[in-house]
Amino acid sequence: MTVPEERAASILAAQRYVVIGTADADGPWTAAAQYRLLARGMYVESGRASRHARAISASGVASGVVYDSSAAIADADGVQLSFRASEVDADASAISAVLAERLPRDAGTDDDAAAVLAVPDKRLYVLEVERVFVFDRDAWRTRGTDARLEVDAAAVWARLT
């Protein structure tokens, strides 16, 4: 059996989409986005007018979940995350700096900041991981209880690099 940090790293390395949770004056909101891994978290691309982008710009925080939707119910697994979140300036050097920090899984994809800048409303949003949780499989299997275990975020990201 793998340790929880290994499970979290494995899920983050294998999947491509995060469901981002934010809140604004109208209440909570979730949206799925493709992510790229960074040494300290991940980034997503989005339009500035999207509800989650506006909420990130206003609050500087977000949450997320990455899960394996193909797993059987008995093997369900996922990672829940809390983030400090920020919009990257619409500047070629700022965008290039984020792109240069990508982990090996995502290196070499979409390397040109011009592709982001070509869409006037498009931005990168950096999601810096503060806390990481994995599904408590033992609680689920023995008691049918949906529970989480907090794991060491630095240890998870060390396994991803």
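Source: prediction; values computed, not measured.

J.: Please explain the overall build of the protein as it appears in this structure.
T.: Helices and strands together make up the secondary structure of the protein, namely six helices and seven strands. The helix and strand sequence of the protein, counted from the amino end, reads α-β-β-β-α-β-β-α-α-β-α-β-α. Against the 2.2 N^0.38 benchmark of 15 Å for 161 residues, the protein shows a C-alpha radius of gyration of 16 Å, consistent with a compact globule. Principal-axis analysis of the C-alpha atoms places the extent of the protein at approximately 50 × 40 × 25 Å. Split into buried and exposed, the 161 residues of the protein put 40% on the buried side. For the protein, restricting intrachain contacts to residue pairs at least 6 apart in sequence, the fraction spanning at least 24 positions comes to 67%. Looking at the protein as shown, the accessible area adds up to about 8100 Å², and 53% of this sits on carbon and sulfur atoms. Taken as two groups, the 18 positive and 24 negative side-chain charges of the protein have centres that lie 2 Å from each other.

J.: Could you clarify how one ought to interpret the packing of helix α1 (residues 4–14) against helix α6 (residues 153–160) in this entry?
T.: Helix packing geometry: the angle between the two helix axes and the distance between the axes. For the pair α1 and α6, interaxial distance at closest approach is 8 Å and the crossing angle is 50°. Considering the angle they form, α1 stands oblique to α6. Classified by chirality, the crossing of α6 by α1 is right-handed. Facing α1, whose interface residues are Glu-5, Glu-6, Ala-8, Ala-9, Leu-12 and Ala-13, α6 presents Ala-155, Val-156, Trp-157, Arg-159 and Leu-160. Residue composition of the contact of α1 with α6, by class: eight nonpolar, no polar and three charged.

J.: Help me understand the nonpolar core in this model?
T.: In summary, soluble globular proteins display a tendency toward joint burial of nonpolar side chains. One finds Leu-12, Leu-81, Val-132, Val-156 and Trp-157 to be the most contacted residues of the largest nonpolar core, which totals 30 residues. Tallying contributions element by element places strand β6 (residues 122–135) first for this core, with five residues. Ignoring anything within four residues of it in the chain, the contact list for Leu-81 reads Leu-12, Met-42, Ser-63, Gly-64, Val-66, Val-129, Arg-131, Val-132 and Trp-157. One finds Val-88, Ile-95, Val-98 and Val-126 within the second-largest nonpolar core, a separate group that totals 10 residues.

J.: What is the right way to read the environment of Ala-39 from this model?
T.: Its location among the elements puts Ala-39 in the loop between β2 (27–38) and β3 (41–47). Exposure remark for Ala-39: the relative accessible area of 48% places this residue in the partly exposed category. Note: C-alpha distance between Ala-39 and Glu-128 (89 residues apart in sequence) is 9.1 Å. Among residues more than four places away in sequence, those in contact with Ala-39 are Glu-101, Leu-103 and Trp-157.

J.: Looking at this structure, how should I read the confidence of the model for the protein?
T.: For residues with low pLDDT, the predicted coordinates do not support detailed interpretation. Averaged over all residues, the pLDDT of the protein equals 91, while 98% of them reach at least 70. Mean pLDDT values for the elements of the protein range from 73 in helix α5 (residues 137–143) up to 97 in strand β4 (residues 61–67).

J.: Just checking my understanding: could you explain the pattern of salt bridges for this structure?
T.: Opposite charge on two side chains lets them pair, provided their charged atoms get close. Summed over the entire model, instances satisfying the criterion amount to 13 salt bridges. In this structure, Glu-87 and Arg-48 form a salt bridge, with 3.0 Å as the shortest nitrogen-oxygen distance. Highlighted residues: Glu-87 in strand β5 (residues 78–87) and Arg-48 in the loop between β3 and α2 (51–59), separated in sequence by 39 residues. With relative accessibility at 39%, the residue Arg-48 sits in the partly exposed group. Among the charged side chains, a salt-bridge network with shared partners connects Arg-40, Arg-84, Glu-101, Glu-128 and Glu-130.

So, how was this worked out
- Residues numbered from 1 in each chain as written.
- Predicted model: local features only at pLDDT ≥ 70, side-chain atom pairs only at ≥ 80, totals over all residues.
- Heavy atoms only, no water.
- Helix = DSSP H or I, 4+ residues; strand = E, 2+ residues; numbered from the N terminus.
- Rg over C-alpha atoms; globule rule 2.2 N^0.38 Å.
- Buried < 20%, exposed > 50% of the residue type's maximum accessible area, 1.4 Å probe, protein only.
- Contact = heavy atoms within 4.5 Å.
- Areas by Shrake-Rupley, 256 points an atom, 1.4 Å probe, with all protein chains shown as cover.
- Lys, Arg positive; Asp, Glu negative; His and termini not counted.
- Charge placed at Lys NZ, Arg CZ, Asp CG, Glu CD.
- Axes fitted to C-alpha atoms, helices over the stretch in contact; angles between N-to-C directions.
- Parallel < 35°, antiparallel > 145°, perpendicular 65-115°, else oblique.
- Left-handed = near helix turned anticlockwise from the far one by under 90°.
- Nonpolar A, V, L, I, M, F, W, Y, C, P; charged D, E, K, R; others polar.
- Core = buried A, V, L, I, M, F, W, Y, C linked by side-chain atoms within 4.5 Å.
- pLDDT = per-residue confidence, 0-100.
- Salt bridge = Lys/Arg side-chain N within 4 Å of Asp/Glu carboxyl O.

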